[in-house]
Protein chains: 2
Amino acid sequence: MDKLNIFIISDASGQTALTVAKTAASQFQHTTPNYQRFTYVTEKESLKNVLKQAEKSQSVIFHTLTKPEMSKIVIDFAKKHHLLECDCIQKPITMLAKQTGMEPEYVPNLVHNLNSNYFNRISAMEFAVVNDDGKNPQNLSKADIVILGVSRTSKTPLSLYLANNNFKVANVPINPKIQLPDQVWDIDKNKIFGLTNTVKSLKKIRRERMRSYGMNLDTPYSNSKNIKAELEYAKNLYKKIGCRSINVSNKSIEETATIIMSKLGYSKIKN
Amino acid sequence: MDKLNIFIISDASGQTALTVAKTAASQFQHTTPNYQRFTYVTEKESLKNVLKQAEKSQSVIFHTLTKPEMSKIVIDFAKKHHLLECDCIQKPITMLAKQTGMEPEYVPNLVHNLNSNYFNRISAMEFAVVNDDGKNPQNLSKADIVILGVSRTSKTPLSLYLANNNFKVANVPINPKIQLPDQVWDIDKNKIFGLTNTVKSLKKIRRERMRSYGMNLDTPYSNSKNIKAELEYAKNLYKKIGCRSINVSNKSIEETATIIMSKLGYSKIKN
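Everything numeric here is computed off the predicted structure, so don't read it as measured data.

Some remarks on the environment of threonine 256 of chain A
Next, step 1: Along the chain, the position of threonine 256 of chain A falls in helix α9 (residues 253-263).
Next, step 2: C-alpha of threonine 256 of chain A to C-alpha of aspartate 76 of chain A: the two residues are 180 residues apart in sequence and 43 Å apart in space.

A few points about the domain arrangement of chain A
Note: interface size is frequently given as the accessible area lost on complex formation between the parts.
Next, step 1: If you check the domain split of chain A, you get domain 1 (2-100) and domain 2 (116-263).
Next, step 2: Each of domain 1 of chain A and domain 2 of chain A has a C-alpha centre, and the two are 38 Å apart.

Some thoughts on the sheet that holds strand β8 (residues 244-247) of chain A
Residue and element names in this part refer to chain A.
Next, step 1: Spatially, the four strands line up as an open sheet ordered β6-β5-β7-β8, and their pairing is parallel. Edge strands, defined here as strands with exactly one partner in the open sheet, are β6 (169-173) and β8. Each strand axis lies, on average, 25° off the axis of its neighbour in the sheet, ignoring direction.
Next, step 2: Sheet topology note: the strand β5 (residues 145-149)/strand β7 (residues 192-196) ladder contains four bridges and is parallel. When the bridges of β7 are listed, isoleucine 147 appears paired with phenylalanine 193.
Next, step 3: Sheet contacts for helix α8 (residues 224-241): β5, β7 and β8; angle to β7, the most-contacted strand, approximately 160°.

As for the side chain of lysine 191 of chain B
Residues and elements named next belong to chain B.
Next, step 1: Here lysine 191 shows up in the loop between β6 (169-173) and β7 (192-196).
Next, step 2: Aspartate 144 is the oppositely charged side chain nearest to the buried, salt-bridge-free lysine 191, at an N-O distance of 6.6 Å.
Next, step 3: Within the structure, the side chain of lysine 191 is placed 3.4 Å from the backbone oxygen of leucine 140, a separation counted as a polar contact.
Next, step 4: Once residues within four sequence positions are removed from consideration, lysine 191 is found in contact with Leu140, Ser141, Ala143, Asp144, Ile145, Val146 and Leu264.

So, the sheet that holds strand β5 (residues 145-149) of chain B
All names here are of chain B.
Next, step 1: Reading across from one edge, β6-β5-β7-β8 is the order of the four strands in this open sheet, with parallel pairing throughout. The open sheet has two free edges, formed respectively by β6 and β8 (244-247), since each of these has just one partner strand. Sheet twist, expressed as the mean angle between neighbouring strand axes with direction ignored, is 25°.
Next, step 2: In terms of strand pairing, β7 meets β8 through four bridges, oriented parallel. Along β8, the bridge assignment pairs phenylalanine 193 with arginine 244.

So, the packing of aromatic side chains
Next, step 1: With the rule as written, the count across this model stands at two aromatic pairs over all chains.
Next, step 2: Relative to phenylalanine 38 of chain A, the ring of phenylalanine 7 of chain A has its centre 4.8 Å away and its plane inclined at 35°; by these criteria the two rings are tilted. Of the two residues, phenylalanine 7 of chain A is situated in strand β1 (residues 2-10) and phenylalanine 38 of chain A in strand β2 (residues 31-38); the sequence distance between them amounts to 31 residues.
Next, step 3: Residue phenylalanine 38 of chain A is classed as buried on the basis of its relative accessible area, which comes to 13%.
Next, step 4: If you follow lysine 22 of chain B out to its NZ or CZ, it ends over the ring of tyrosine 35 of chain B, 5.8 Å from the centre.

What about the interface of chain B and chain A?
Next, step 1: Each side of the interface is counted separately: chain B has 88 residues, and chain A has 88 residues.
Next, step 2: Where chain B abuts chain A, roughly 7,400 Å² becomes buried across the two surfaces, and 64% of that area is made up of carbon and sulfur atoms.
Next, step 3: Viewed at the interface, chain A and chain B are joined by four salt bridges.
Next, step 4: Run the count over chain B and chain A and you get 23 residue pairs in polar contact (both at pLDDT 80 or more).
Next, step 5: Ranked by the residues each element gives to the side of chain B that touches chain A, the list is headed by helix α1 (residues 15-25) of chain B, at 10 residues.
Next, step 6: A class-by-class count of the residues in the side of chain B that touches chain A yields 40 nonpolar, 28 polar and 20 charged.

Regarding the UniProt feature "binding site: ADP" (unreviewed entry) in chain A
Next, step 1: Residues annotated in UniProt with the feature "binding site: ADP" (unreviewed entry) correspond here to Gly149, Val150, Ser151, Arg152, Thr153, Ser154, Lys155 and Thr156 of chain A.
Next, step 2: Beyond its immediate sequence surroundings of up to four residues, arginine 152 of chain A is in contact with Leu202, Ile205, Arg206, Arg209 and Tyr221 of chain A together with Glu126 of chain B.
Next, step 3: Position of serine 154 of chain A relative to the elements: it lies in the loop between β5 and α6 (155-164).

With respect to the packing of α6 of chain A against helix α5 (residues 116-130) of chain B
Next, step 1: Viewed as axis vectors pointing N to C, α6 of chain A and α5 of chain B meet at an angle of 85°, and their least axial separation amounts to 9 Å. Relative to α5 of chain B, the element α6 of chain A lies roughly perpendicular. Contact residues: Thr156, Pro157 and Leu160 of chain A in α6 of chain A; Ile122, Met125, Glu126 and Val129 of chain B in α5 of chain B.
Next, step 2: In the contact of α6 of chain A with α5 of chain B, the residues fall into five nonpolar, one polar and one charged.

A short note on the nonpolar core
Next, step 1: Ile6, Phe62 and Leu96 of chain A together with Ile6, Phe62 and Leu96 of chain B are the most contacted members of the largest nonpolar core, which has 41 residues in total.
Next, step 2: Looking at this core, the elements with two or more residues in it are β1, α1 (15-25), β3 (60-64) and α4 (90-100) of chain A together with β1 (2-10), α1, β3 (60-64) and α4 (90-100) of chain B.
Next, step 3: Setting aside chain neighbours within four positions, we find phenylalanine 62 of chain A in contact with Ile6, Phe7, Ile8, Ile9, Ala17, Val20, Ala21, Cys86 and Cys88 of chain A together with Pro92, Met95 and Leu96 of chain B.

What counts, and at which threshold
Residues numbered from 1 in each chain as written. Chains lettered and ligands numbered in written order. Predicted model: local features only at pLDDT ≥ 70, side-chain atom pairs only at ≥ 80, totals over all residues. Heavy atoms only, no water. Helix = DSSP H or I, 4+ residues; strand = E, 2+ residues; numbered from the N terminus. Domains from an automatic or database assignment. Pairing = 2+ DSSP bridges. Axes fitted to C-alpha atoms, helices over the stretch in contact; angles between N-to-C directions. Contact = heavy atoms within 4.5 Å. Buried < 20%, exposed > 50% of the residue type's maximum accessible area, 1.4 Å probe, protein only. Lys, Arg positive; Asp, Glu negative; His and termini not counted. Salt bridge = Lys/Arg side-chain N within 4 Å of Asp/Glu carboxyl O. Polar contact = N/O pair within 3.5 Å; in protein donor to acceptor, adjacent residues only side chain to side chain. Phe/Tyr/Trp six-rings, centres within 6.5 Å; stacked < 30°, edge-to-face > 60°. Lys NZ or Arg CZ within 6 Å of the ring centre and 35° of its normal. Buried area = accessible area lost by both parts, 1.4 Å probe. Nonpolar A, V, L, I, M, F, W, Y, C, P; charged D, E, K, R; others polar. UniProt positions renumbered as here; feature names shortened; annotations may be inferred. Parallel < 35°, antiparallel > 145°, perpendicular 65-115°, else oblique. Core = buried A, V, L, I, M, F, W, Y, C linked by side-chain atoms within 4.5 Å.

Below, the structure is given as structure tokens:
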């Protein structure tokens with residue numbers, strides 16, 4: 001595998017440039033990207049020091065520097081020293097200035113401004129943690145979305161991803177041996193999503209979990225016959241509830257979340 | 001406030017284009033962006049339909065379409081109909097192709113490839129949920145990072161953010177009336193971070209929480225004298241433990257997380 005040195009330089013947390021870099025790098029499956037992140041770089045001198053390091057390691061540079069004069073330092077340095085750079089923020093800002101006819105603030109780190117949207121997102125994430133795995137079923141009526149699923153259908157990370165998009169999410173485990181909380185029957189079935197998977201895929205994931213626990217791989221938990229019975233039980237239950245069902249086999253969390261949001265008519269993003 | 005229509009068009013979840021758009025839009029504090037996200041757009045016909053909607057609503061377009069011929073459809077349409085567009089992915093891909101001398105895969109949705117990194121991140125998020133709020137102190141030794149803090153110092157969202165960066169994080173509440181788990185004394189103090197805040201800021205946040213519970217705002221929980229005593233207790237405890245302490249007042253989760261990662265020497269990002 002080839003090594004690929006990537007510098008992330010930002011006057012804030014660097015999350016935007018890192019997201020762009022990772023998405024682009026994913027298109028090169030035979031390289032191992034080596035990311036170095038330089039955050040809250042707001043002084044010209046410290047920027048120049050970072051650039052010298054980039055030259056030394058012959059890195060490509062992804063940057064989000066809000067002030068055009070800071071961005072220009074990177075661009076000029078890269079040109080002079082034959083480095084490759086990608087400005088991830090100046091064009092988008094210029095474009096929005098054109099569209100709105102407004103002057104940008106040119107102040108770093110406004111995206112995580114501690115405004116009410118920000119606090120709503122934090123409270124959605126706390127809601128997801130408090131209402132994970134069937135805890136506090138009395139809260140199900142307060143949730144925007146309720147996820148049901150047998151063990152290892154990715155209920156927890158899916159809930160957190162949706163929470164990060166500002167939805168209040170609770171998840172409830174489904175198992176023939178566990179009594180479903182009564183509250184599930186009382187809530188709007190349109191906000192309930194039942195996760196399923198294939199026996200094969202679930203078996204693989206569960207054996208992996210046993211391995212990570214240092215246990216014997218072949219337990220009742222990872223036994224095909226039991227898994228099949230669990231999945232049958234879940235499918236019948238979803239039908240009885242009248243909720244939608246999603247097969248998560250070979251789907252990433254992001255894909256499943258997008259399906260849920262679009263079924264709910266949220267192509268409009270909650271801010 | 002001026003309205004700003006933003007279309008996010010992607011052949012995957014659209015997270016990258018949305019991140020770029022939100023960061024750019026944050027520079028225009030007097031507009032209300034109205035985002036519409038179109039995901040998993042992989043067919044030319046459905047792309048053209050989305051573009052017609054963009055024209056109707058006079059939206060600016062942020063797009064991440066992996067295949068150059070798809071991206072070109074957006075660019076040509078925008079030019080013809082005088083819309084503004086920003087391609088967030090083609091330049092980054094071209095740049096990495098140049099740097100590596102390799103051909104990109106040109107396959108959509110590889111960033112959430114279900115590889116081992118992906119599963120590590122999911123298991124880190126599950127770890128954070130299982131080890132939130134002092135649950136399961138026997139796991140503290142397995143954590144990469146242990147967060148301590150009095151109530152409402154953002155322990156949970158901070159833990160989740162760090163988990164999303166692949167760290168195994170546990171958090172433990174600090175309160176003079178709660179016994180600290182013995183395990184805290186046995187672990188490496190360099191991986192422990194104690195959160196503090198100002199009395200004023202914490203009082204405001206706690207009163208807000210009381211309000212959201214529909215309770216009287218002035219409780220012992222939101223009383224300045226009690227908060228001061230709690231914070232004093234926490235500071236003394238952090239000193240006794242010998243761990244680092246971070247004042248989160250006016251800091252976003254992202255800023256606090258970046259401080260922790262850099263203190264641990266992780267400017268190199270865990271994949």
